[in-house]
Number of protein chains: 2
Amino acid sequence: MSAKTKEKPQNSAGRWIGYRKEIKVLDCTIRDGGLMNDSNFEDKTVRAVYDACTAAGIDYMEIGYKNSKKIFAPNKYGAWRSCDEDDVRRIVGDNKSDLKLCAMADAEKSDYKTDILPKEKSPLDMIRVATYIHQLPLAIDMIKDATDKGYETTVNIMAISTVREQELDEALEMLSQSPVGTIYLVDSFGSLYTEQIGYMARKYLKYARAAGKEVGIHAHNNMQLAFANTIEAITKGINMLDATMAGLGRGAGNCPLELLIGFLHNPKYMLRPVLECIQNDIEPLREKLGWGFDYPYMLTGLLNRHPRSAMAHQDSENKKDILYFYDQTMREI
Amino acid sequence: MSAKTKEKPQNSAGRWIGYRKEIKVLDCTIRDGGLMNDSNFEDKTVRAVYDACTAAGIDYMEIGYKNSKKIFAPNKYGAWRSCDEDDVRRIVGDNKSDLKLCAMADAEKSDYKTDILPKEKSPLDMIRVATYIHQLPLAIDMIKDATDKGYETTVNIMAISTVREQELDEALEMLSQSPVGTIYLVDSFGSLYTEQIGYMARKYLKYARAAGKEVGIHAHNNMQLAFANTIEAITKGINMLDATMAGLGRGAGNCPLELLIGFLHNPKYMLRPVLECIQNDIEPLREKLGWGFDYPYMLTGLLNRHPRSAMAHQDSENKKDILYFYDQTMREI
């Protein structure tokens, strides 16, 4: 597929019925959702998501983190924060399906050199490196390590809404010279409007295409824009799409997989298995985990801030006191 | 402001900090929310919305319907389905504020000739005519009637996602020759993606600008796109924006006013009074009224259908059985 073809948006007028076969969907329900329960998912939930992903034709499933058990003590955090190969095999066996599996390693939180095994010893197919911009040299070392071990790789530069353009350009330049396969546009704070996503998407694509790499999108729903921003990324040419069942994810959550599948017209994607998993295994968690759009998350999104203050508010007895959170936040900024 | 200036999008790169003073925000919380409770709002709720709108600098508030008491029996429907001037005055007195008031009259459901009084006898400032495309000649008569009586007017052509393009063009041509002030782009089923809204916005603006009229946007949230679609309409040049507090409205609800105010940078709009009203007067209604994004509404949106089957499902004992609704719906189509 030529660069020129890639430039053509999928959904310009008259192109609503077809689909773009290069698009891949990545389910990160368990990984991102793990930020709402310290990754303490029961095996049956992880298995239900795996089964639904395989039945629904999803391309990748992110089953958890490859983070350090020293930093995330196993007596507090569940297996999916620092999953090893036995954990993964307990769910997927040798994963005979077409679904590829991945795990995320956070820069400075992962003992990647020892905990990430050579690909031939692991059911994982891809390692996703999450990094703040100041950690980029370390992230590139992690990418090289995973590449050398035989994995596909992605890199997620977090919190870019707080990064100066010059530095972002420098980071994208460095990544375009690294062996990473896919560079992710990540709206960590759910604070980017659709047109800003479009602007960023063009920038990421410019660097990535010149280096023969793909670009991905990972959106948060603080302003009810996660799905819209994912569509915007698609129309600009981004091909790797993160989504989660019922939008389960940190704070306001992610782009809902069920909406995304409805939008993509690729007949390999099936909505019913996703709805079945949502009904039986994800929605029953909502009351306890409490993700999803709410006013405090809206406010941190509007203000381009990490959602941690909103998450603390949602866990407090004052949860319904929106004004308390508003006033406290406005005093602080 | 010249037509050329108007073409310039508000939010293209480098234009994120300012605002477009031509933009007007219309709160339709009570009117559209009335579709979830047969317009049975207590006076204190209507007054709270009115007070919040005035404090928040909102431009228009739609207080209810001017529909026929013969069709909507007052022993079942609340005053706000067929509000008369005494109802309105009970809330707003003579409305000494800058907030303009409006009411909606549905084609074939309104005794508009008698029930809409001359402007000088009413605290209302604007009449909004809602019409299906096959009722357009009647709607135009209603527009003329309201114009002759001294009101500003808008027209909302409903369910355009099911209308053929030729007929929509004919309708817009007819409306551009009518005395209506603002033509609304209405996504009744919440089934239009952002790029489709952009396409429609350009069409509506082409007809409206040639006739010296404004265009409005009224979006529904079936696919979590109401806010994104409203932003898209703004960037295309649409200046009249419908929104509701907490998104209260039929089915999946409307564009949330609190998100919209956060996006518009006009300093006259204040978020705090809106959040206060939401906390004290709107959110307490959620459990009973049950509006907001949910899977059945997503499905009717995806399928470009009226949400009535989803609303019935949400009111049933099967409410949590998403798959039941999915299977039933897929059998029917």
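Residues numbered from 1 in each chain as written. Chains lettered and ligands numbered in written order. Predicted model: local features only at pLDDT ≥ 70, side-chain atom pairs only at ≥ 80, totals over all residues. Heavy atoms only, no water.

If you look chain A up in an unreviewed UniProt entry, it shows as Aldolase catalytic domain-containing protein from Intestinicryptomonas porci.

Bringing the sheet that holds strand 8 (residues 240-243) of chain A into the picture now. Residues and elements named next belong to chain A. The eight strands are arranged 1-2-3-4-5-6-7-8 in a closed barrel whose pairing can be described as parallel. For this sheet, the mean angle separating the axes of adjacent strands, direction not counted, is 25°. Bridge analysis of strand 2 (residues 60-65) against strand 3 (residues 100-106) gives five bridges, and the strand direction is parallel. Across the sheet, residue G64 finds its bridge partner in strand 3, namely A103. Across the sheet, helix 3 (residues 43-56) touches strand 1 (24-27), strand 2 and strand 3, and the angle it forms with strand 2 is around 160°. (Pairing = 2+ DSSP bridges. Helix = DSSP H or I, 4+ residues; strand = E, 2+ residues; numbered from the N terminus. Axes fitted to C-alpha atoms, helices over the stretch in contact; angles between N-to-C directions. Contact = heavy atoms within 4.5 Å.)

The next thing to look at is the interface of chain B and chain A. In this complex, chain B contributes 42 residues to the contact, which on the side of chain A involves 41 residues. Both faces combined, the contact of chain B with chain A buries some 3,600 Å², and carbon together with sulfur accounts for 68% of it. Applying the counting criterion to the chain B and chain A interface returns two salt bridges. As a salt-bridge pair, R272 of chain B and D327 of chain A come within 2.6 Å of each other at their nearest N and O atoms. (Buried area = accessible area lost by both parts, 1.4 Å probe. Salt bridge = Lys/Arg side-chain N within 4 Å of Asp/Glu carboxyl O.)

Among the eleven residues in helix 11 (residues 272-282) of chain A, eight count as buried, and that is most of the element. Taken residue by residue, helix 11 of chain A has P273, V274, L275, C277, I278, Q279, D281 and I282 of chain A as its buried positions. Elements in contact with the buried residues of helix 11 of chain A: helix 2 (29-33), helix 3, helix 10 (257-263) and helix 12 (286-289) of chain A together with helix 13 (295-302) and helix 15 (322-332) of chain B. (Buried < 20%, exposed > 50% of the residue type's maximum accessible area, 1.4 Å probe, protein only.)

This part covers the pairing of strand 4 (residues 126-131) of chain A. Residues and elements named next belong to chain A. Judged by how many residues are buried, strand 4 sits mostly within the fold: six of six residues are covered. Side chains M126, R128 and A130 of strand 4 all project onto a buried face; the interleaved residues I127, V129 and T131 project onto the opposite face, where all are buried too. When strand 3 meets strand 4, the two strands line up parallel, connected through five bridges. Following the sheet pairing, M104 is matched in strand 4 by R128. As for the winding sense of the linkage, the β-α-β connection from strand 4 through helix 6 (residues 136-148) to strand 5 (residues 152-157) is right-handed. (Right-handed = clockwise from strand over helix to strand, strands pointing away.)

This brings us to unusual backbone geometry. Even without being glycine, N304 of chain A reaches a positive phi, approximately 60°. Counting through the fold element by element, N304 of chain A comes out in the loop between helix 13 (295-302) and helix 14 (308-314).

What follows deals with the sheet that holds strand 7 (residues 214-218) of chain B. Residues and elements named next belong to chain B. Read around the closed barrel, eight strands run 1-2-3-4-5-6-7-8, paired in parallel fashion. Adjacent strand axes in the sheet meet at a mean angle of 25°, parallel and antiparallel pairs treated alike. Inspection of the sheet shows strand 7 paired to strand 8 (residues 240-243) by two bridges, in the parallel sense. Note on strand 8: the bridge partner recorded for G216 is M240. Helix-sheet contacts for helix 3 (residues 43-56) involve strand 1 (24-27), strand 2 (60-65) and strand 3 (100-106), and the interaxial angle to strand 2 is about 160°.

The UniProt record marks residues 23-279 of chain A with the feature "domain: Pyruvate carboxyltransferase" (unreviewed entry), using the residue numbering of this structure. Between the end C-alpha atoms of residues 23-279 of chain A there is a gap of 26 Å, over a span that is 39% helix and 17% strand. (UniProt positions renumbered as here; feature names shortened; annotations may be inferred.)

All right, on to the relation of the copies chain B and chain A then. Relative to chain A, chain B is turned by 180° and slid 0.0 Å along the rotation axis, the superposed coordinates differing by an RMSD of 0.0 Å. In the structure described here, the two chain copies are related by an operation that fits a two-fold rotation axis. (Least-squares fit on C-alpha atoms with pLDDT ≥ 70 in both.)

Another point: the layout of surface pockets. Considering only enclosed or pocket space, the largest pocket measures out at about 2,100 Å³ in volume. Together, 49 residues line the largest pocket, and R286 and F293 of chain A together with R286, W291 and F293 of chain B are the ones closest to its centre. Elements with a contribution of two residues or more to the lining of the largest pocket: helix 12 and helix 13 of chain A together with helix 12 (286-289), helix 13 and helix 14 (308-314) of chain B. (1 Å grid on protein atoms, 1.4 Å probe; cavity = no way out; pocket = protein on both sides within 12 Å on 5 of 7 lines; lining within 4 Å. Points joined across faces, edges and corners; volume = space filled by probe spheres on them.)

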